[in-house]
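The chain contents come next:
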Amino acid sequence: MKGKRLTATAAAALALTVAAAGTAATGAFSSSKQDPTERAVAAALKAKGPKNVIFLLGDGMGTQEITAARYYQGVRSPLNVDRMPFTGFDTSWSVKPAAAAPYPPDYDPDSASTGTAWATGQKTIDERISQGPSSAENVPGPNLTTVLELAQRRGMRVGDVSTAEITDATPAVLASHMSLRGCQGPANMGACPTETKGAGGLGSIAEQEVDHHVDVLLGGGRARFEQTIGGGPFAGQTVVQSALAQGYRYVTDADGLSTVGPDQPVLGLFNAGNMSLEWSGPAASVGKGNTPAPCKEGVRPPNEPSLAAMTRRAIDLLDARKNRNGFFLQVEGASIDKQDHATNACGQIGETVAFDRAIGVALDYQEAHPDTLVVVTADHSHTSQIVGEDASGSGLPTGYSTNLTTRDGQTLSLTYGTAGFGGEAGKGPVAVPPSQQHTGGAVPVWASGPGGLAVLGTNDHTDLFGVLGG
Ligand code: MG
Ligand code: ZN
């Protein structure tokens, strides 16, 4: 994959081009009348490499998902992501198992292979966590060095934040290596028998995340960490106990998170499974769908911190150590994907809006710390489609649909049609929609700050590795 960090020569050449274009267009490129994008380009060209890197991704947040959130909350109300000056596209394909390279492309990837792409710069097969491809899913591939491991080697502080179980595929790619994404806790290792500590392996994803001494680990997945380790130096202890023995502070609610300081690594697990959703709303139904209704907002229990609150706290903790080597932080809005699978339009949109608030936190920090690179993307596209509100007759959508009343007072119709009806052939739809599928469309990438120009154009998710410090 091509290196995505701009060389000094390329940057200088681009600077001349941009300056010339700016002079022609405005007569004074460096004047105070520059528009914000021109100012951002000029600053990005002048900057050295970033000191801090904040990488945020909405799982399954393709162009339809972010547009649905944009339209729901009002077409004239910009999102935080709209503050970011540089935008491009990334392809997200993974590869299929094969006896040897070249591995054939798989156009519809999952979160494990796409996360491995930016975490390691390498293509791998679906289900796989920062290991290379192999002949079959259950044959482990070689462990690949991750961008978080490289940041640690440079003395940077590192953080990993998600609304999913923190052992789920997207957070897992930074600080673990595993043949199958399901091997999340010590009791979940049945499909990965050669990778347990007892077998001489690195242990489950939960064990590896703790053993990596990630400075800030915040999300769900408490039940995985309450499982008992079967081998190695912490055999017979839970993963939480192993974390405490390795110097972690452990918290389980929003109040606990507010009391932690930067003097210890922090493990915050705020739900036994995935964290609770921000919004609820009408269920999807086949064809035209429900009478339009608004979403119900603010349904997350207050003892679970919001993604924005976790992001703010993570930045505070990583920055407060006054480490001159800076920090690397990944933040995932995980349940955009999970609610897209579940045809839950309000759940999906609420999580997208919550993710955008976390982007706002990162951008506010960046305004005060211009040596920070902020990159936003999605791992892969997903199923929801914005369709005509007045569909009738042959124009009816064929999948599961939901009609929402937006803040503009209009009807937003979303349909989900990548998984059929779930029933037997010829027997019509089932009451509970089947899990919808990911889609293969290229995803948007946004960036702001030093190094951010590298996302311009059409690239591949493996190119993000270099952008993020690989
Ligand atoms: Mg994910
Ligand atoms: Zn998914």
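Residues numbered from 1 in each chain as written. Chains lettered and ligands numbered in written order. Predicted model: local features only at pLDDT ≥ 70, side-chain atom pairs only at ≥ 80, totals over all residues. Heavy atoms only, no water.

J.: An account of the sheet that holds strand β2 (residues 86–91) is requested, with residue identities and associated values reported.
T.: Taken in spatial order, the 10 strands make up an open sheet running β7-β8-β6-β5-β10-β1-β11-β15-β2-β16, and their pairing is mixed. Since the sheet does not close on itself, it has two edges, and those belong to β7 (249–251) and β16 (457–460), each with one partner. The average angle at which neighbouring strand axes cross in this sheet is 15 degrees, direction not considered. The pairing of strand β1 (residues 52–58) with strand β11 (residues 372–378) spans 7 bridges and is parallel. Of the residues in β11, the one forming a bridge with Asn52 is Thr372. (Pairing = 2+ DSSP bridges. Helix = DSSP H or I, 4+ residues; strand = E, 2+ residues; numbered from the N terminus. Axes fitted to C-alpha atoms, helices over the stretch in contact; angles between N-to-C directions.)

J.: Any details on the coordination of the magnesium ion (ligand 1)? Residues and values, ideally.
T.: Within the protein, Asp59 (OD), Thr170 (OG1) and Glu332 (OE) serve as the donor atoms for the magnesium ion (ligand 1), at 1.9 to 2.2 Å. For the magnesium ion (ligand 1), the single-chain donor residues occur in sequence as D-x110-T-x161-E. With Thr170 in helix α6 (residues 169–175) and Glu332 in strand β10 (residues 327–333), this pair connects stretches of sequence that are 162 residues apart. Given a relative accessible area of 0%, Glu332 falls into the buried group. (Donors = N, O, S within 2.8 Å, 3.2 Å for Na, K, Ca; no water. Buried < 20%, exposed > 50% of the residue type's maximum accessible area, 1.4 Å probe, protein only.)

J.: Quick one: what's the story with the domain arrangement of the protein chain, residue by residue and with numbers?
T.: For the protein chain, the domain assignment lists domain 1 (1–46) and domain 2 (50–284 + 295–383 + 442–467). Once you take the C-alpha centre of each, domain 1 and domain 2 turn out to be 32 Å apart. (Domains from an automatic or database assignment.)

J.: Explain the sheet that holds strand β13 (residues 400–405) to me, and be specific about the residues and the numbers.
T.: If you trace the 4 strands from one edge of the open sheet to the other, you get β9-β13-β14-β12, paired in antiparallel fashion. On the outer flanks of this sheet lie β9 (285–286) and β12 (385–387), each paired with one strand and no other. For β9 and β13, the ladder comprises 2 bridges, and the chain directions are antiparallel. Following the sheet pairing, Val286 is matched in β13 by Tyr400.

J.: So what's going on with the pairing of strand β6 (residues 216–220)? Residues and values would help.
T.: As a general feature of sheets, a regular strand has side chains that alternate between the two faces. Burial analysis of β6 places 5 of its 5 residues in the buried class, the great majority of the element. Across 4 bridges, the pairing between strand β5 (residues 157–165) and β6 is parallel. Within β6, the residue paired with Gly159 across the bridge is Val216.

J.: Explain the coordination of the zinc ion (ligand 2) to me, using residue names and the numbers behind them.
T.: Around the zinc ion (ligand 2), the protein contributes the donor atoms Asp337 (OD), Asp337 (OD), His341 (NE2) and His438 (NE2), at 2.0 to 2.5 Å from the metal centre. Every donor counted, the 4 donor atoms about the zinc ion (ligand 2) form angles of 55 to 151 degrees at the centre, which fits irregular coordination. On the accessibility criterion, Asp337 (6% relative accessible area) is buried. (Tetrahedral: all angles 85-135°; square planar, octahedral: opposite > 155°, others 65-115°.)

J.: Can you tell me about the state of the cysteines, naming the residues and giving the values?
T.: In this structure the tally under the stated criterion is 2 disulfides. Paired by a disulfide, Cys183 and Cys192 hold their sulfur atoms 1.9 Å apart. Taking the sign of the torsion about the S-S bond as the criterion, the disulfide between Cys183 and Cys192, at about 85 degrees, is right-handed. Between the sulfur atoms of Cys295 and its disulfide partner Cys346 the distance amounts to 2.1 Å. Torsion about the S-S bond of the Cys295 and Cys346 cystine: about -85 degrees, corresponding to left-handed handedness. With Cys295 in the loop between β9 and α11 (307–320) and Cys346 in helix α13 (residues 345–368), this residue pair connects regions lying 51 residues apart in the sequence. With relative accessibility at 10%, the residue Cys295 sits in the buried group. (Disulfide = S-S within 2.5 Å.)

J.: Run through the packing of α11 against α13, naming residues and quoting values.
T.: Relative to each other, α11 and α13 sit at 25 degrees, their axes nearing to 7 Å. Taken together, the axis directions place α11 and α13 in an arrangement best described as roughly parallel. In this structure, α11 crosses over α13, and the sense of that crossing is right-handed. Counted together, Leu307, Ala308, Thr311, Arg312, Ile315 and Asp319 of α11 and Ala354, Phe355, Arg357, Ala358, Val361, Ala362 and Tyr365 of α13 form the full contact between these two elements. Of the residues assigned to the contact of α11 with α13, the class counts are 9 nonpolar, 1 polar and 3 charged. (Parallel < 35°, antiparallel > 145°, perpendicular 65-115°, else oblique. Left-handed = near helix turned anticlockwise from the far one by under 90°. Contact = heavy atoms within 4.5 Å. Nonpolar A, V, L, I, M, F, W, Y, C, P; charged D, E, K, R; others polar.)

J.: Describe α11, and please don't skip the residues or the numbers.
T.: A turn of α-helix holds 3.6 residues, and therefore any two residues three or four places apart point the same way. With 14 residues, α11 extends 20 Å between its outermost C-alpha atoms, agreeing within 8% with the 20 Å of an ideal straight helix rising 1.5 Å per residue. Listed as buried for α11 are Leu307, Ala308, Met310, Thr311, Arg313, Ala314, Ile315, Leu317 and Leu318. (Expected span 1.5 Å × (residues − 1).)

J.: Could you give an account of the packing of aromatic side chains, with specific residues and numbers?
T.: Tallied over the entire structure, the rule returns 3 aromatic pairs. A cation over an aromatic ring shows up here: Lys123 above the ring of Trp93, its NZ or CZ 3.9 Å from the ring centre. (Phe/Tyr/Trp six-rings, centres within 6.5 Å; stacked < 30°, edge-to-face > 60°. Lys NZ or Arg CZ within 6 Å of the ring centre and 35° of its normal.)

J.: Lay out the pattern of salt bridges in plain terms, naming residues and giving numbers.
T.: Pairing is possible between side chains that carry opposite charge, provided their charged atoms lie close to one another. Summed over all chains, the structure comprises 15 salt bridges. Note that Glu165 is salt-bridged to Arg224, the shortest N-O span being 2.7 Å. Here the residue Glu165 occupies a position in strand β5, and Arg224 occupies one in helix α8 (residues 222–225), the gap between them amounting to 59 residues. For the residue pair Glu165 and Arg224, the accessibility class agrees, reading buried in each case. (Salt bridge = Lys/Arg side-chain N within 4 Å of Asp/Glu carboxyl O.)

J.: Describe the nonpolar core, listing the residues and the values that go with them.
T.: Of all hydrophobic cores here, the largest spans 53 residues; its most connected members are Trp118, Ile129, Phe225, Phe328, Val375, Leu464 and Leu468. With sequence-adjacent residues up to four places away left out, Val375 is seen in contact with Ile54, Phe55, Leu56, Met84, Val445, Trp446, Ala447, Leu464, Val467 and Leu468. Listed in part, the 39 residues of the second largest apolar core include Leu79, Val251, Met275 and Val374. (Core = buried A, V, L, I, M, F, W, Y, C linked by side-chain atoms within 4.5 Å.)

J.: Explain the environment of Ala431 to me, using residue names and the numbers behind them.
T.: Mapped onto the fold, Ala431 is located in the loop between β14 (411–416) and β15 (443–448). As a C-alpha pair, Ala431 and Gly420 span 11 residues in sequence and 12 Å in three-dimensional space.

J.: With reference to specific residues and values, describe α13.
T.: The end-to-end C-alpha distance of α13 is 35 Å, a good match for the 34 Å that 24 residues give at a rise of 1.5 Å each. Within α13, 20 of the 24 residues are buried, which leaves the element mostly enclosed by the surrounding structure.

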